[in-house]
Amino acid sequence: MRGYLVRMSSARPEIATGMEGFRFWPGALSASEQGGLLAEVLAAEAQAPFYRPVTPGGRPFSVRMTSLGPLGWVSDRAGYRYQATHPVTGAAWPPIPGLLLDLWRELTGAASPDACLVNLYRDGAKMGLHQDRDEADMTAPVLSVSLGDAAVFRIGAAGGGPTKSIRLASGDVCALTGPARLARHGIDRVIAGSSSLVPGGGRINLTLRRAS
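The structure presented is a predicted model; accordingly, all values stated were derived computationally and were not measured.

Parameters at a glance
Residues numbered from 1 in each chain as written. Predicted model: local features only at pLDDT ≥ 70, side-chain atom pairs only at ≥ 80, totals over all residues. Heavy atoms only, no water. Helix = DSSP H or I, 4+ residues; strand = E, 2+ residues; numbered from the N terminus. Rg over C-alpha atoms; globule rule 2.2 N^0.38 Å. Buried < 20%, exposed > 50% of the residue type's maximum accessible area, 1.4 Å probe, protein only. Contact = heavy atoms within 4.5 Å. Areas by Shrake-Rupley, 256 points an atom, 1.4 Å probe, with all protein chains shown as cover. Lys, Arg positive; Asp, Glu negative; His and termini not counted. Charge placed at Lys NZ, Arg CZ, Asp CG, Glu CD. Salt bridge = Lys/Arg side-chain N within 4 Å of Asp/Glu carboxyl O. Core = buried A, V, L, I, M, F, W, Y, C linked by side-chain atoms within 4.5 Å. Phe/Tyr/Trp six-rings, centres within 6.5 Å; stacked < 30°, edge-to-face > 60°. Lys NZ or Arg CZ within 6 Å of the ring centre and 35° of its normal. Pairing = 2+ DSSP bridges. Axes fitted to C-alpha atoms, helices over the stretch in contact; angles between N-to-C directions. Disulfide = S-S within 2.5 Å. Arc of directions from axis to C-beta.

Undergrad: Which parts of the structure should I look at to understand the overall build of the protein?
TA: A tally of helices and strands in the protein yields two helices and 14 strands. On C-alpha atoms alone, the protein measures out to a radius of gyration of 16 Å, which is about the 17 Å that the 2.2 N^0.38 rule sets for 212 residues. With the C-alpha coordinates aligned to their principal axes, the bounding extent of the protein is approximately 45 × 40 × 35 Å. Expressed as a percentage of its 212 residues, the buried residues of the protein come to 48%. By sequence separation, contacts in the protein at least 24 residues apart represent 69% of the contacts at least 6 residues apart. Of the roughly 9,300 Å² of accessible surface on the protein, a fraction of 54% belongs to carbon and sulfur atoms. Between the centroid of the 22 positive side chains of the protein and the centroid of its 17 negative side chains there is a distance of 7 Å.

Undergrad: Help me out: how do you make sense of the pattern of salt bridges in this one?
TA: A pair can form between side chains of opposite charge whenever their charged atoms are brought close. All chains considered together, the criterion is met by nine salt bridges. The residue Arg 209 makes a salt bridge to Asp 132 at a minimum N-O spacing of 3.3 Å. Note that Arg 209 is positioned in strand S14 (residues 203–209) and Asp 132 in the loop between strand S8 (127–130) and strand S9 (142–148), a separation of 77 residues in sequence. Among the charged side chains, a salt-bridge network with shared partners connects Asp 132, Glu 135, Arg 181 and Arg 209.

Undergrad: Explain the nonpolar core here, please?
TA: Nonpolar side chains tend toward joint burial in soluble globular proteins. The biggest cluster of nonpolar side chains holds 31 residues, and the ones touching the most others in it are Phe 22, Val 63, Met 65, Tyr 82, Phe 153 and Ile 155. Counting only elements with at least two residues in this core, the list comes to strand S3 (22–25), strand S5 (72–76), strand S7 (115–121), strand S10 (151–156), strand S11 (163–168) and strand S12 (173–176). Contacts of Phe 22, omitting those with residues within four sequence positions, involve Thr 17, Phe 153, Ile 155, Cys 174, Ala 175, Leu 176 and Ala 180. Leu 103, Trp 104, Val 145 and Leu 208 belong to the second-largest nonpolar core, a separate cluster that totals 26 residues.

Undergrad: When you look at the packing of aromatic side chains in this model, what are you seeing that I'm missing?
TA: The geometry of an aromatic ring pair comes down to the distance between the two centres and the angle between the two planes. Inspection of every chain in the model, using the stated rule, returns three aromatic pairs. Ring pairing ties together the aromatic residues Phe 61, Trp 73 and Tyr 80, which thus form one cluster. Across the ring face of Tyr 121, the terminal group of Arg 203 is positioned such that the distance to the ring centre comes to 5.3 Å.

Undergrad: Explanation requested: the sheet that holds S10 in the structure shown.
TA: Whether parallel or antiparallel, the strands of a sheet pair through hydrogen bonds between backbone atoms. A sheet is described by the order of its strands in space; here four strands give the open sequence S8-S13-S10-S11, paired in antiparallel fashion. In the strand order of this sheet, the two ends are held by S8 and S11, each with one partner. The mean inter-strand angle of the sheet, taken between neighbouring strand axes irrespective of direction, is 20°.

Undergrad: What am I meant to see in the pairing of S3 here?
TA: Strand residues, when the strand is regular, have side chains that alternate between the two faces of the sheet. Examined bridge by bridge, strand S2 (residues 12–16) and S3 share two bridges and lie antiparallel to one another. Bridged to Ile 15 within S3 is Phe 24.

Undergrad: Would you mind showing me how to read the state of the cysteines here?
TA: Disulfides are covalent bonds that connect the sulfur atoms of two cysteines. All told, the structure shown has zero disulfides when counted by the stated rule. Here Cys 116 is not cross-linked by a disulfide; its sulfur's nearest cysteine counterpart is in Cys 174, at 13 Å. Accessibility expressed as a relative area gives 0% for Cys 116, which makes it buried. On the accessibility criterion, Cys 174 (5% relative accessible area) is buried.

Undergrad: What is the right way to look at helix H2 (residues 98–108) in this model?
TA: Because an α-helix completes one turn every 3.6 residues, residues spaced three or four positions apart along the sequence face the same direction. The complete set of buried residues in H2 reads Leu 100, Leu 103, Trp 104 and Leu 107. End-on, the buried residues of H2 take up no more than an arc of 100°, which puts them together on one face. A positive backbone phi angle near 70° is found at Gly 109, which sits one or two residues after H2.

Following this line, the structure appears as structure tokens:
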């Protein structure tokens, strides 16, 4: 995806991607914001540890997951859904960090999110092309924040056809809105060693959503 045009959205530079509704803010978070946000996520892990979900067919995900906020996304043999408790500990999910809520308000202007998925990519983990369809209101935006190693993100129109790839680095933010809300998207690979932010290496992706 070349030849971006820069325009300003609030105080953070947004880049036109050529795909209507797919919004991209490279370097939206400063180094200090990234470090502070990571510290909050890792502290929340004590209450809601990362676990490895399985598909309804029983296949393990390559990423490990947890959630923040009133609702968390869960996948197991019973299907895909949002629920108020961690599937392993049975405890309520920790709250969404204030920085993420401020970022959501600043960049989307939408009603507050009630779910934040946290995906941990290590050891060759990836995410196949998929659509986010488990939310009650699929017109509400999905906002994604990258921390740690860079990743090759792939996105294509909901109805099929060619896809585009973009490198997402630590501190980058993107959003699926409007015509791109149901875009097919995924992570082809993580570029190991491209960041030293996450202890032990890897990438953490935080995805804010309106689930209910």
